[in-house]
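# Structure at a glance
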Amino acid sequence: MNTLMVILGAAIGAPARFLVDQYFRKFTDKPVGTFMVNILGSFLIGATFATTERWHDFLAIGFAGSFTTWSTFIIDLYLGYELKKYKVVAANLVASIAFGLLAAYAGYQLAS
């Protein structure tokens, strides 16, 4: 049953990530979509940390695991560096880490 929960969560998370990213790409060429899904995913992982195993498997491992995206985050940083957009790269890196930690903490505190 746990595997099924992971599969169902992942089947929802990946298309959701795509839709969020496509929405923000209409307005900016900055990696806002990737930033948003990673922060929301951090919140969800924090919020589900102490939940039942089934909900944790569905939301944290399945949904958030396929919704968030480390690889896209890294390529955004790399491409920004290659394009000499150093301020954008630095802001993305610092904001992603800071807000990701805050979101995970907030989710955990909310669930506790």
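Preceding this section is the structure that the text describes.
Just so we're clear, the structure is a prediction, and the values are computed from it rather than from any experiment. (Residues numbered from 1 in each chain as written. Predicted model: local features only at pLDDT ≥ 70, side-chain atom pairs only at ≥ 80, totals over all residues. Heavy atoms only, no water.)

What follows concerns the overall build of the protein chain. Regarding its fold elements, the protein chain presents five helices and zero strands. Helices and strands appear in the protein chain in the N-to-C order α-α-α-α-α. Summarising its shape, the C-alpha atoms of the protein chain cover approximately 45 × 25 × 20 Å along the three principal directions. Classification of the 112 residues of the protein chain by burial places 30% in the buried group. Summarising the internal contacts of the protein chain: among those between residues at least 6 apart in sequence, 74% fall at separations of at least 24. (Helix = DSSP H or I, 4+ residues; strand = E, 2+ residues; numbered from the N terminus. Buried < 20%, exposed > 50% of the residue type's maximum accessible area, 1.4 Å probe, protein only. Contact = heavy atoms within 4.5 Å.)

Further remarks concern the packing of helix α2 (residues 32-48) against helix α5 (residues 86-111). Axis separation between α2 and α5 bottoms out at 6 Å; the angle between their running directions is 30°. With respect to their mutual orientation, α2 and α5 come out roughly parallel. Viewed along their axes, α2 and α5 form a crossing whose handedness is right-handed. Counting all contacts with α2, which are made through Phe35, Ile39, Ser42, Phe43, Gly46 and Ala47, the residues of α5 involved are Asn92, Ala95, Ser96, Phe99, Gly100, Ala103, Ala104, Ala106, Gly107, Tyr108, Leu110 and Ala111. Considering only residue class, the contact of α2 with α5 consists of 12 nonpolar, six polar and no charged. (Axes fitted to C-alpha atoms, helices over the stretch in contact; angles between N-to-C directions. Parallel < 35°, antiparallel > 145°, perpendicular 65-115°, else oblique. Left-handed = near helix turned anticlockwise from the far one by under 90°. Nonpolar A, V, L, I, M, F, W, Y, C, P; charged D, E, K, R; others polar.)

Structurally, Gly100 is set in helix α5. We classify Gly100 as buried; its relative accessible area is 9%. When the C-alpha positions of Gly100 and Ser112 are compared, they lie 18 Å apart, and in sequence the two are 12 residues distant. Setting aside anything within four residues of it in sequence, one finds Gly100 in contact with Ile39, Ser42 and Ala95.

The subject of this paragraph is the pattern of salt bridges. For the coordinates displayed, the defined rule picks out two salt bridges. A salt bridge links Asp29 to Lys85; its shortest N-O distance comes to 3.9 Å. You can see Asp29 sitting in the loop between α1 (2-25) and α2 and its partner Lys85 sitting in the loop between α4 (70-82) and α5, a full 56 residues away along the chain. By relative accessible area, which is 63% here, Asp29 ends up exposed. (Salt bridge = Lys/Arg side-chain N within 4 Å of Asp/Glu carboxyl O.)

Remember, this is a structural readout, not a statement about activity or role.
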